[in-house]
Every structure is written in structure tokens, then in C-alpha cells.
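Chain by chain, the residues run as shown.
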Amino acid sequence: NMIHNVNSKEQKLVSGNLVFIKPEDVHSLENYSESIAGYFNLAFSEDIFEDILQCFNLGFLKQQIFDLSMPPIVMLSSIEIESIKQRYEKLNYIC
């Protein structure tokens, strides 16, 4: 479990949370549990973000997301987490 400090406010994060950080957000993470916490940082440009939204026919969401004062959080399933983890590790191996 982690505290996500964003723009002088706090969000509590748990395992499986996917957080969308906007380019202008000032943020940091703190572990507030006794166990080791980890996270993946998947960074991409605003152009790629727009392409992703368009690919899934969700272009209308961009302005809604950018208008939020706090980053939106999505809960991923354990299968989705494992898939991202495997792909991330594969990228690290290639690079």
C-alpha cells in the first residue's frame, strides 16, 4: 500500500491500481505498509495517449481526464497485472 502525493493532495493506492498522471502533475510515492511495495512507471507522450484513446474509441475522455484535479485510478485484475509485468520485464531485457 502506498500514498501517492499529487499536487499537494494524497491518494491511497493499493495493489492493482493504475494511475494516470498528467504531464503537469507534481507527484511522489510513499510506502505506508510494513511490506515492500513496488510499482511500474509506464510513461508515454500525450500523442501516444491520444492514439490509445482513439484506438478504443474513447477520444471523448481525454478532456475529462485532463480536467480532473486528481489523477483517475483504475483497478487492474491479477491477470492484467501479470500481463503488464511480463511485458515490462521483456522490455527491460531487450533494452
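Residues numbered from 1 in each chain as written. Predicted model: local features only at pLDDT ≥ 70, side-chain atom pairs only at ≥ 80, totals over all residues. Heavy atoms only, no water.

K.L.:
Could you clarify how one ought to interpret the overall build of the protein chain in this entry?
P.N.:
The number of helices and strands found in the protein chain is 3 helices and 5 strands. In sequence order, the protein chain lays out its α and β elements as β-β-β-β-α-α-β-α. Seen along its three principal axes, the alpha-carbon backbone of the protein chain occupies a region of about 40 × 35 × 25 Å. Counting all 95 residues of the protein chain, 17% fall into the buried class. A fraction of 60% describes how many contacts in the protein chain between residues 6 or more apart in sequence connect residues 24 or more apart. With an accessible surface of roughly 7,400 Å², the protein chain has 55% of that area assigned to carbon and sulfur atoms. Counting 7 positive and 13 negative side-chain charges, the protein chain places the centres of these two groups 3 Å from one another. (Helix = DSSP H or I, 4+ residues; strand = E, 2+ residues; numbered from the N terminus. Buried < 20%, exposed > 50% of the residue type's maximum accessible area, 1.4 Å probe, protein only. Contact = heavy atoms within 4.5 Å. Areas by Shrake-Rupley, 256 points an atom, 1.4 Å probe, with all protein chains shown as cover. Lys, Arg positive; Asp, Glu negative; His and termini not counted. Charge placed at Lys NZ, Arg CZ, Asp CG, Glu CD.)

K.L.:
Sorry if this is basic, but what is going on with the sheet that holds strand β2 (residues 9-13) here?
P.N.:
Pairing within the open sheet is antiparallel, and its 3 strands lie in the order β2-β1-β4. Two strands in the sheet have a free side with no partner beyond their single neighbour: β2 and β4 (27-31). For this sheet, the mean angle separating the axes of adjacent strands, direction not counted, is 25 degrees. Bridge count for strand β1 (residues 2-6) against β2 is 5 bridges, and the pairing is antiparallel. (Pairing = 2+ DSSP bridges. Axes fitted to C-alpha atoms, helices over the stretch in contact; angles between N-to-C directions.)

K.L.:
Just checking my understanding: could you explain the pattern of salt bridges for this structure?
P.N.:
It is possible for side chains bearing opposite charge to pair when their charged atoms get close. For the structure on display, the rule yields 2 salt bridges. Among the salt bridges present, the one from Lys62 reaches Glu46, with a minimum N-O distance of 2.7 Å. Pair noted here: Lys62 is in helix α2 (residues 61-67) and Glu46 is in helix α1 (residues 46-55), with a separation of 16 residues, a long-range link. On the basis of relative accessible area, Glu46 is assigned to the partly exposed category, the value being 35%. Here Glu50 and Lys62 are joined by a salt bridge, their closest N and O atoms 2.6 Å apart. In this pair, Glu50 is assigned in helix α1 and Lys62 in helix α2, connecting sequence segments 12 residues apart. Since its relative accessible area comes to 28%, Glu50 is described here as partly exposed. Salt bridges sharing partners connect three or more residues here, namely Glu46, Glu50 and Lys62. (Salt bridge = Lys/Arg side-chain N within 4 Å of Asp/Glu carboxyl O.)

Geometric descriptors of this kind do not, in isolation, establish any biological role.
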